[in-house]
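Fold and geometry: a report
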6 protein chains.
Amino acid sequence: MVDSVRLDELNWLEFAARVAAGAPVLLPLGSTEQHGPHLPLNVDVTLPTGVCERVAKEVGGLVAPTLAYGCKSMPRSGGGEHFPGTLSLDAHTFALIIRDVIRNLGRQGVRRLVLVNGHYENMGPSIEGLDLGMRELRRDGIYDMEVMRLEYWDFAQRATLDTLFPDGFPGIDLEHASLLETSLMLMLRPDLVEMEKVPDDGPATFPPYDKFPLPEDFGLPHSGVLAVATGSTAEKGELLMDDYVTRISEAIRKEFRL
Amino acid sequence: MVDSVRLDELNWLEFAARVAAGAPVLLPLGSTEQHGPHLPLNVDVTLPTGVCERVAKEVGGLVAPTLAYGCKSMPRSGGGEHFPGTLSLDAHTFALIIRDVIRNLGRQGVRRLVLVNGHYENMGPSIEGLDLGMRELRRDGIYDMEVMRLEYWDFAQRATLDTLFPDGFPGIDLEHASLLETSLMLMLRPDLVEMEKVPDDGPATFPPYDKFPLPEDFGLPHSGVLAVATGSTAEKGELLMDDYVTRISEAIRKEFRL
Amino acid sequence: MVDSVRLDELNWLEFAARVAAGAPVLLPLGSTEQHGPHLPLNVDVTLPTGVCERVAKEVGGLVAPTLAYGCKSMPRSGGGEHFPGTLSLDAHTFALIIRDVIRNLGRQGVRRLVLVNGHYENMGPSIEGLDLGMRELRRDGIYDMEVMRLEYWDFAQRATLDTLFPDGFPGIDLEHASLLETSLMLMLRPDLVEMEKVPDDGPATFPPYDKFPLPEDFGLPHSGVLAVATGSTAEKGELLMDDYVTRISEAIRKEFRL
Amino acid sequence: MVDSVRLDELNWLEFAARVAAGAPVLLPLGSTEQHGPHLPLNVDVTLPTGVCERVAKEVGGLVAPTLAYGCKSMPRSGGGEHFPGTLSLDAHTFALIIRDVIRNLGRQGVRRLVLVNGHYENMGPSIEGLDLGMRELRRDGIYDMEVMRLEYWDFAQRATLDTLFPDGFPGIDLEHASLLETSLMLMLRPDLVEMEKVPDDGPATFPPYDKFPLPEDFGLPHSGVLAVATGSTAEKGELLMDDYVTRISEAIRKEFRL
Amino acid sequence: MVDSVRLDELNWLEFAARVAAGAPVLLPLGSTEQHGPHLPLNVDVTLPTGVCERVAKEVGGLVAPTLAYGCKSMPRSGGGEHFPGTLSLDAHTFALIIRDVIRNLGRQGVRRLVLVNGHYENMGPSIEGLDLGMRELRRDGIYDMEVMRLEYWDFAQRATLDTLFPDGFPGIDLEHASLLETSLMLMLRPDLVEMEKVPDDGPATFPPYDKFPLPEDFGLPHSGVLAVATGSTAEKGELLMDDYVTRISEAIRKEFRL
Amino acid sequence: MVDSVRLDELNWLEFAARVAAGAPVLLPLGSTEQHGPHLPLNVDVTLPTGVCERVAKEVGGLVAPTLAYGCKSMPRSGGGEHFPGTLSLDAHTFALIIRDVIRNLGRQGVRRLVLVNGHYENMGPSIEGLDLGMRELRRDGIYDMEVMRLEYWDFAQRATLDTLFPDGFPGIDLEHASLLETSLMLMLRPDLVEMEKVPDDGPATFPPYDKFPLPEDFGLPHSGVLAVATGSTAEKGELLMDDYVTRISEAIRKEFRL
């Protein structure tokens, strides 16, 4: 029998058995998006998938295939759609995917689901898709599906951030392709990180509004790195990952009574 | 510099450079679907991805992230949606994903795209999404995008099929979780194949119509394997893969003048 | 009282009585599409309608108004959208029509429905519409609607095809505006067939993929006739029609216990 | 060569030639809807189609296949959706059909189109579909498409109505399955009219509002005939048809400079 | 405690109490649309809101926030979309708003709802949205929601119109920015009416059809006033308002058994 | 001539003149949502409208009618949809409204637009609608439309917040129906504020994730007030409003070169 936390590496009989036994399913929500000159386009796929696989081991869960295309990138959070390699979906499309996957998981008997988001702009449409999916399930007579939805980065402890940022944590808003994501990539996929290409044209100096079309002088670093990635290490990535895995597992156990 | 045919393992500058140089992009279209008791749910992801990576090496192309959720499975081609682990999207959702990805690839400067389908029921909505995407690109003033769309299994040579099926090729229609797919999985992901679980409750004896809801006596093997998987080997998988890679590469070179 | 198998030639009281008595409803799915220089644009409307009217007489059924606009035509199956007179709908539009008609037939008390498709490209979206319609009916508390869906051409007997093609049946794939359709039109609407215009620029020599935009040298005959129409006769049409009517009626009686 | 005003009875070369010569296309918009115990469900298909065929002869036009399923019926104009045999589409679906057909006619070179509506509730969504279709055509670079949209019954002369209703014309609002429609059906399809079943439970006494769900005492005659059909004759139908054909043809000639 | 008929001026506890006590909710449907040189763009917001507030007082109801953007304006009823300041929604968008608001009101416990329309072109899509909303409520297990839908102008008494138009009422069709609307605005918002700017380029002389794109010589007054506004007074507005309030209140009491 | 910053209080000629002169249009994005026992449901309408009217005076702009129905409320930001009186739209509906309004403003000649958001959950769908609208405008040949999008609360100065929260600003996340919103309402609509009803069951103690369905023990105060409203005064509201008006006006002048 195949031993895997990846739902799609099981056969249908194994999947059915695991679901019948109450295994929670984790669905990582990613994107294909620029992450500066030193990181690949798959950061937002790699990180939530890595978190989910570790959490699944902790809680006896299964990881569904990651959504590799996310909702459109905005300059103030991800650099924006004009960066080559940022390949996004409309919010409506993204929400429909979530709706369909939830409807089908529910129909298959899954009653515990966790959406683990790894791309800021997925937040809104993942809520929308979740609401649409739950609405359909209720109309199909399924009332006992429970779903959690979270951004994995919200599970870092304050103390960890203080350790990582001895001069003070600048806030999650500019943490795109910066120290947190770079450290986590060094831990998970060091073969895809090129620390020598870490830029120093940041941090971003955005005004408190969006502008369409994007002005030349909007405060966006040309590299696409919104803050600072210097000093990233795999060890820092492990510190963060520990927080994520421990605390997300805890939350899942609490909410799903495991 | 990262050496990969996977688009999402490049950084945005590398991606931009490759696109500017005219690299074709291959987009594998998969699904998460039952494939009998001996194969995992990810067969339709693994096979077109495997084909694309080999073709990309041949033609200097890049492989975009595979769509892991496909269009709804039908009993006569994939066993149907009632099998646990078959997690599908509505056709409209699937078409919108294709539309959005094409629009964004076009906007990013990609002018040569190949949709490589690995799941029968994706055929209709991938055509729809392609038509919608091209329509949008034209309206955005992009007229020179060229797109090919194919089912990889159509590229096996008659002679190869005759070799693999000395008693006569039963036709592609029932080739779900059967000899071709099992052999290809033995080649690509032997760790996920359990040959000892190959069932013998086939082949399917479908009538020439669909019925909703699915009748008990529809002729569908309980295992979900539509034909016969016995005799599958990695070598057979390699024979097939050779055909696919050689002939798809040839078609791409011809159409894209490479 | 009006004596007709056409649902729309009854008044509402007659319709209600027939439905209450369990009459199955047949819905022909057609298209307005080029069929070469010797056939009119309405071939895909005329043929499934003709089949349905004959089957309805056999099984005591009613024929709903034919959908005269089908899903977009592809070069490899119908010549493609660039042919003048090919007037198609988006797949989403087509699926919504099917969904709405099924929802309303179900609401009206119809419990036995047969979708009889006469245009290849309608296959995918008719499945989609059927799934959407059945989903809505279940949510409206209607669980006992039964629907069959078929392509009429799948009901020709092997023996009949052998008789019609003494040199071997080339396969249904290229049978667009060719011997089968032309013979059936000669039987049903000889006034609309001009045998002297039958072209000889075929058969099509397509590669095993789609290409957008369509290349000049794609192997598509300029006439729009994919194979060969020479030798078509009304008698051959009757042979085929006999098969269709007999075997579709049989299938309906079996599935609907008539 | 086939001599027909029906677009779909031509082959694609004839269609192309007619379009190139500037022939206007008429698209009848119908519905499948109850029309009392004396008329069939296809009144709203038969009448606008009959008008279009006669107008097409006058102006050298072509009649596209009639839309046989219309937008949902309301009690105050058509009796409502609860009548058996009233099979309607959602307004959005109906509008998308119009949009798609216009887009494709425009793409095919048609520059003069007339939507001839025969079902009151199609009015709103036919305007919507027309606006959506024209919007798409402009974005596809087609700016010279001209479209007229009309309800055929608006073309009766005051004098004709005075002749038909010597006691005063009660207004078009209740003219559902009543004298005008019955007389026109007697002219066009007398085989489908059963004058002996003309009811006398009207006229309707609606309040000036809609109510959902429909109350028992809403003033709707049980027969579904909103006013009075007694006294209908084929001659009256011809008087009306003369008006429609003459005056619609005149309008078309004026607007399209024919 | 806040004393207001405006639903949105209550707090959630007051709203909950009023709904629990059976208060009907009135939803005014407006638009932002040209109304000649003498009236502001908000006529279609001001009038149905004014009607609703007065009716709500009569029947103990609550007025929900007015929809300020309506469905697209047509030349024959509102002058058309080409007038500056006419800011409309697609019919589909408008219907979705109605659907969502109804679904949420129903979910909140509201069981008596009145849609009070003040913009002609909202008629079709408000019916569509109402049907979609009721459909969803039924699927959510809510079967006892009752909804009325009306155009306020249909509640003027014949006698009142005869008083206002001593030379005969020209019909509601051209009553855009004309005597009725101007008189009502003089009553409700005299500060926004400039009687000295009342134009005299009317009345409109439309043909009985729509034409896209709009021809120069379509009979549309340049001012956007379809008939005549001269002679409008606040007193006439009050006469009309009395009719609307009295008779709409009566209808509501009857239908909702108040 | 009417003197108003409200676009809808002008007539179409005045609107046209203002637009031709380059006046920016401000569109307030609100919602109808619970705001505790001391505030009305219209807080998210009143505040951005109040901000816009003041900014419009500063920059010579026009205020378009506020969107009174917003995107669905979430427990962690607005209490959630289960609160009576929270009447929301689906994200897709909300985005379509924005798209349509932008398309029409663009078509009318407006080239400077500011979306001023007053409801947290509108953020995602307002971006989506803006992107869709701009996409349509480009396809309609309009490339010079400039749009800003902002949340008004992001324009408070740090110093102001320090003054208002001498014990430290707890962060904007819980500022729902709390000190900032209550103070602003005391300034703008004191008649709708009932300070004696300010609750003390907060602040919220949410976990860092969403849960569907909402658990009983989620940390949400029963009052719907997420933080603390005690100490709110109109003076504090004015301090905030000054910041908003001054700094938003500044940003508009900079971006639109006024």
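Residues numbered from 1 in each chain as written. Chains lettered and ligands numbered in written order. Predicted model: local features only at pLDDT ≥ 70, side-chain atom pairs only at ≥ 80, totals over all residues. Heavy atoms only, no water.

Some words on the sheet that holds strand β2 (residues 62–63) of chain B
Condition: We call two strands paired when DSSP finds no fewer than two bridges between them. Under the DSSP-based scheme used, a helix requires at least four consecutive residues in state H or I and a strand at least two consecutive residues in state E, with every element numbered from the N terminus. Two residues qualify as a contact provided that any one of their heavy atoms is within 4.5 Å of a heavy atom in the partner residue. Axes, fitted as lines to C-alpha atoms, cover a helix only where it is in contact. Angles between the N-to-C directions of the axes lie from 0 to 180 degrees.
Taken in spatial order, the five strands make up an open sheet running β2(B)-β1(B)-β3(B)-β4(B)-β5(C), and their pairing is mixed. The open sheet is flanked by β2 of chain B together with β5 (210–212) of chain C, the only strands paired with a single partner. Pairing of strand β1 (residues 25–29) of chain B with β2(B), which is carried by two bridges, proceeds in the parallel orientation. Paired with B:Val25 across the bridge in β2(B) is B:Leu62. Its contacts with the sheet put helix α4 (residues 91–107) of chain B on β1 and β3 (112–117) of chain B, and the angle it makes with β1(B) is roughly 170 degrees. The strands that helix α5 (residues 123–139) of chain B touches are β1, β3 and β4 (146–151) of chain B together with β5 of chain C; relative to β4(B), the one it contacts most, it runs at about 175 degrees.

Some points on the confidence of the model for chain A
To keep it simple, the criterion reads: One confidence number per residue, pLDDT, is output by the predictor and ranges from 0 to 100.
Confidence in the prediction for chain A averages 96 pLDDT; 100% of positions are at 70 or higher. The complex model carries a pTM of 0.98, and its ipTM stands at 0.97.

Focus on the pattern of salt bridges
Our working rule: Salt bridge, as used here, is a side-chain nitrogen of Lys or Arg placed within 4 Å of a carboxyl oxygen of Asp or Glu. Only protein chains enter the area calculation, which uses a 1.4 Å probe; residues under 20% of their type maximum are buried, those over 50% are exposed, and those in between are partly exposed.
What the rule picks out here adds up to 186 salt bridges over all chains. The shortest N-O distance in the salt bridge between A:Arg6 and A:Asp8 comes to 3.2 Å. Here D:Glu9 ties to D:Arg6 by a salt bridge, and the two come within 4.0 Å at their closest N and O atoms. A relative accessible area of 34% places D:Arg6 in the partly exposed class. Residues participating in the shared-partner salt-bridge network are A:Lys72, A:Asp90, B:Arg99, B:Asp100, B:Arg103, B:Glu136, B:Asp140, F:Glu128, F:Asp131, F:Arg135 and F:Arg139.

A closer look at the interface of chain A and chain B
This is how it is decided: Buried area: the accessible area, evaluated with a 1.4 Å probe, that two parts lose upon being put together, summed over both parts. What qualifies as a polar contact is a pair of N or O atoms within 3.5 Å, subject to a donor-acceptor requirement within protein and to the restriction that residues adjacent in sequence count only when both atoms come from side chains. In this classification, Asp, Glu, Lys and Arg are treated as charged, Ala, Val, Leu, Ile, Met, Phe, Trp, Tyr, Cys and Pro as nonpolar, and every other residue, Gly included, as polar.
In this complex, chain A contributes 56 residues to the contact, which on the side of chain B involves 56 residues. Counting each side, the surface lost to burial between chain A and chain B is near 4200 Å², with a carbon and sulfur contribution of 59%. When the buried area of chain A at its contact with chain B is split by residue, A:Trp12, A:Tyr69 and A:Leu87 rank highest and sum to 17% of it. For the pair chain A and chain B, the number of links is 10 salt bridges. Among the salt bridges present, the one from B:Glu14 reaches A:Lys197, with a minimum N-O distance of 3.5 Å. Our enumeration of links across chain A and chain B arrives at 33 residue pairs in polar contact (both at pLDDT 80 or more). Looking at the side of chain A that touches chain B, the elements that each hand over two or more residues are α1 (12–20) and α4 (91–107) of chain A. At 11 residues, α4(A) tops the list of elements feeding residues into the side of chain A that touches chain B. Looking at the side of chain A that touches chain B residue by residue, the class counts come to 27 nonpolar, 16 polar and 13 charged.

A word on the relation of the copies chain A and chain B
Formally: Least-squares superposition of the copies uses the C-alpha atoms of those residues scoring a pLDDT of at least 70 in each of them.
Screw-axis analysis of chain A against chain B gives a translation of 0.0 Å along the axis, an RMSD of 0.0 Å, and a rotation angle of 180 degrees. The superposition operator between the copies reduces to a two-fold rotation axis. When each C-alpha of chain A is compared by its distance to the rotation axis, A:Thr93 comes out closest, at 3.2 Å. The overlap is high: 100% of the interface residues of chain A also sit at the interface in chain B, so the same surface is used on both sides.

Observations concerning helix α1 (residues 12–20) of chain D
All names here are of chain D. This is how it is decided: Working definition: the arc comes from the directions between the helix axis and the C-beta atoms, pointing outward to the latter.
Of the residues making up α1, those classed as buried are Trp12, Glu14, Phe15 and Val19. Considered in projection along α1, the buried side chains sweep an arc of 160 degrees and stay on one side of the axis. Those residues of α1 that are buried are in contact with β2 (62–63). Two or three places before Leu13, at the start of α1, stands the capping residue Asn11, its side-chain oxygen 2.9 Å from that residue's backbone nitrogen. One or two positions beyond α1, positive phi appears at Gly22, with a value near 90 degrees.

What to know about the environment of B:Trp12
Assignment of secondary structure puts B:Trp12 in helix α1 (residues 12–20). Residue contacts for B:Trp12: discarding those within four places in its chain leaves A:Gln34, A:His35, A:Gly36, A:Pro37, A:Leu41, A:Phe83, A:Pro84, A:His222 and A:Ser223. Engagement of the side chain of B:Trp12 in a polar contact is seen with the backbone oxygen of A:Ser223, the distance being 3.0 Å.

Concerning the sheet that holds strand β2 (residues 62–63) of chain C
Taken in spatial order, the five strands line up as β5(B)-β4(C)-β3(C)-β1(C)-β2(C) in an open sheet, and their pairing is mixed. Edge positions in the sheet fall to β5 (210–212) of chain B together with β2 of chain C, since each has one partner strand and no second. The sheet contacts of helix α5 (residues 123–139) of chain C involve β5 of chain B together with β1 (25–29), β3 (112–117) and β4 (146–151) of chain C, and relative to β4(C) the element is tilted by about 175 degrees. Those strands touched by helix α8 (residues 234–256) of chain C are β5 of chain B together with β1, β3 and β4 of chain C, and its axis lies near 160 degrees from that of β4(C).

Some thoughts on the packing of aromatic side chains
Note the following rule: Pairing of aromatic side chains here covers Phe, Tyr and the six-membered ring of Trp, requires ring centres within 6.5 Å, and sorts the geometry by plane angle: under 30 degrees stacked, over 60 edge-to-face, intermediate tilted.
Tallying each qualifying case throughout the model produces 42 aromatic pairs over all chains. Counting every residue linked through ring pairs, the aromatic cluster contains A:Phe155, F:Phe206, F:Tyr209 and F:Phe218.

Section: unusual backbone geometry
Residues E:Gly202 and E:Pro203 are joined by a peptide bond in cis, for which omega reads 0 degrees. Within the element layout of this structure, E:Pro203 appears in the loop between α7 (179–188) and β5 (210–212). A positive phi angle is found at C:Arg257, which is not glycine, with a value near 55 degrees. Relative to the elements of secondary structure, C:Arg257 occurs in the segment after α8.

With respect to the environment of D:Gly133
All names here are of chain D. In this fold, Gly133 is placed in helix α5 (residues 123–139). Note on Gly133: relative accessible area 0%, which makes it buried. Distance in space between the C-alpha atoms of Gly133 and Leu89 is 18 Å, their sequence separation being 44 residues. If near-sequence neighbours (up to four positions away) are discounted, Gly133 is found in contact with Arg99 and Ile102.

Digging into the pairing of strand β4 (residues 146–151) of chain E
Our working definition: Orienting the strands away from the viewer, one traces the path from the first strand over the helix to the second; a clockwise path indicates a right-handed crossover.
Burial analysis of β4(E) places six of its six residues in the buried class, which makes it a mostly covered element. On β4(E), burial covers both faces: E:Glu146, E:Met148 and E:Leu150 on one face and E:Val147, E:Arg149 and E:Glu151 on the other are all buried. Note that strand β5 (residues 210–212) of chain D and β4(E) share three bridges and pair antiparallel. Looking at the pairing, D:Lys211 lines up with E:Met148 of β4(E). Relative to β4(E), strand β3 (residues 112–117) of chain E runs parallel, the two being bridged by six bridges. Opposite E:Val116, over in β4(E), you have E:Leu150 as the bridge partner. Note on the crossover from β3(E) through helix α5 (residues 123–139) of chain E to β4(E): the handedness is right-handed.

A closer look at the side chain of C:Thr182
Residue and element names in this part refer to chain C. Along the chain, Thr182 falls in helix α7 (residues 179–188). For Thr182, a relative accessible area of 0% gives the class buried. Here Ser178 takes part through its backbone oxygen, which lies 2.8 Å from a polar atom of the side chain of Thr182. Discounting residues that sit within four places of it in the chain, Thr182 has contacts with His38, Leu39, Ala177, Val193, Met195, Ala229 and Ser232.

A look at the state of the cysteines
Put simply, the test is: Pairs of cysteine sulfur atoms within 2.5 Å are what we label disulfides.
What the rule picks out here adds up to zero disulfides over all chains. Cysteine A:Cys52 shares no disulfide, and the gap to the nearest cysteine sulfur, in A:Cys71, comes to 19 Å.

Details of helix α7 (residues 179–188) of chain A
All names here are of chain A. With respect to burial, α7 is a largely interior element, nine of its 10 residues being buried. Considered for burial, the residues of α7 that qualify are Leu179, Leu180, Glu181, Thr182, Ser183, Leu184, Met185, Leu186 and Leu188. Close packing links the buried residues of α7 with α2 (43–59), α6 (158–164) and α8 (234–256).

Looking at the arrangement of the chains
Separated in space, chain B and chain E share no contact, their closest pair of C-alpha atoms being 17 Å apart. At their nearest point, the C-alpha atoms of chain C and chain F are still 17 Å apart, with no contact between the two.

Looking at the side chain of A:Ser4
Residues and elements named next belong to chain A. In this fold, Ser4 is placed in the segment before α1. Among the polar contacts listed, one links the side chain of Ser4 to the backbone nitrogen of Arg6, at a separation of 2.9 Å. Of note is the side chain of Ser4, whose polar atom sits 2.8 Å from the side chain of Glu9. If near-sequence neighbours (up to four positions away) are discounted, Ser4 is found in contact with Glu9, Leu10, Arg18 and Leu62.

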